[in-house]
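Architecture at a glance
One letter stands for each residue in the lines below.
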Amino acid sequence: MKPPLLLIGQGSNDDAYAAEFGRFVHRLRCRLDRTAVDVSGGYLERATPRLSDSVASLMARGHHRLVALPLSLSRVGEEFPAAMALEQQRHPTLMYDYGRPLGPDPRVLALLADRLGEAAAEMARPRPLELVGARPRLRAVDTLAIDDVPGQVEPGETAVVLVGEGSTDAAANAEVHRVSRLFWETHAYDYMTVETAFVSVTPPGVPGGLERCRRLGAKRVIVVPYLLFAGGLLERVWAQALAYGAGHPDLDIRCAEVIGDCETLADVVIDRYEEALQLVH
């Protein structure tokens, strides 16, 4: 029997993110159940189930070796291996193989291209952003008058802003810049440019990325979140885009969705799992 797969999330107080993380764990559980592989998920902090609880549950079911895989798009910090080392201290018989983060896998870039394409395909319909509800949740609404509908804008007049989470780790931020370049050359070369921005912690923020596109002469900008799941971070991306757009009504700003829970993402995770197993043989 193969060892179980343990997905590790950073942890968030956001219910929407936790729900999508849980759905993705369930998707993988259904996929790998065919090969009798147990799948579990746990967070480092702020959310349940905690990593320690998930490890204890796997150990109680007789698993003493597992594959630990950070569910992250970017380079992970020391907190992930430190958390697993702590679990090994708690459970001396525990052995684990460490899987690589998802990173700029070609299939991840293709998923970003899908989200960009979905946003671009709706451009014929006026879709201004609107702030709704008590939280900064944004939605698209059809409210433009016919005279205000933007004219035909070619891809060469359209820029893309790829938005990463942002980190105090310079190497992690550099990785997002690398992804932007890879994405432009492999999936978005018809567009004017692919600029990089971050939700928080490090500049440029979303407004900074949009401003650079405007100064380059873009008539339309599509904001593409380099994020796995919906939740508070996505809402912050959209809210920042909305705030910038309010001061620049002549620039047509559109926002794409996150990568999200899907079969292709599951394929990438399963390949990382198999890769980790092969490295020890």
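Structure: see above.
Let us look at the structure shown here. (Residues numbered from 1 in each chain as written. Predicted model: local features only at pLDDT ≥ 70, side-chain atom pairs only at ≥ 80, totals over all residues. Heavy atoms only, no water.)

Examining the layout of surface pockets
In this approach a probe as big as a water molecule rolls over the atoms, and the regions it shows empty are the leftover space. By volume, the largest pocket amounts to about 870 Å³. Around the largest pocket, the lining is made up of 37 residues, and of these Q10, S74, E165, G166 and L233 lie nearest the centre. Elements that contribute at least two residues to the lining of the largest pocket include exactly α3 (79–90), α5 (170–187) and α7 (232–247). Per element, the largest residue contribution to the lining of the largest pocket is 4 residues, and it comes from α7. Tallied by class, the residues present in the lining of the largest pocket amount to 16 nonpolar, 14 polar and 7 charged. (1 Å grid on protein atoms, 1.4 Å probe; cavity = no way out; pocket = protein on both sides within 12 Å on 5 of 7 lines; lining within 4 Å. Points joined across faces, edges and corners; volume = space filled by probe spheres on them. Helix = DSSP H or I, 4+ residues; strand = E, 2+ residues; numbered from the N terminus. Nonpolar A, V, L, I, M, F, W, Y, C, P; charged D, E, K, R; others polar.)

With respect to the pattern of salt bridges
Under the defined criterion, the tally for this structure stands at 21 salt bridges. Residue R90 pairs with E87 through a salt bridge whose shortest N-O separation is 2.6 Å. Of this pair, R90 and E87 both sit in helix α3, 3 residues apart, roughly one helical turn. Accessibility expressed as a relative area gives 46% for R90, which makes it partly exposed. (Salt bridge = Lys/Arg side-chain N within 4 Å of Asp/Glu carboxyl O. Buried < 20%, exposed > 50% of the residue type's maximum accessible area, 1.4 Å probe, protein only.)

Comments concerning unusual backbone geometry
In this structure, the amide linkage connecting P203 to the following residue, P204, adopts the cis form with an omega of -5°. Structurally, the position occupied by P204 is in the loop between β8 (194–198) and α6 (206–215). With a phi angle near 60°, A36 is a residue other than glycine that sits in the positive phi range. Tracing the backbone shows A36 in the loop between α1 (15–32) and β2 (39–43). Exposure remark for A36: the relative accessible area of 43% places this residue in the partly exposed category. Even without being glycine, V201 reaches a positive phi, approximately 75°. For V201, the position within the fold is in the loop between β8 and α6. Given a relative accessible area of 58%, V201 falls into the exposed group.

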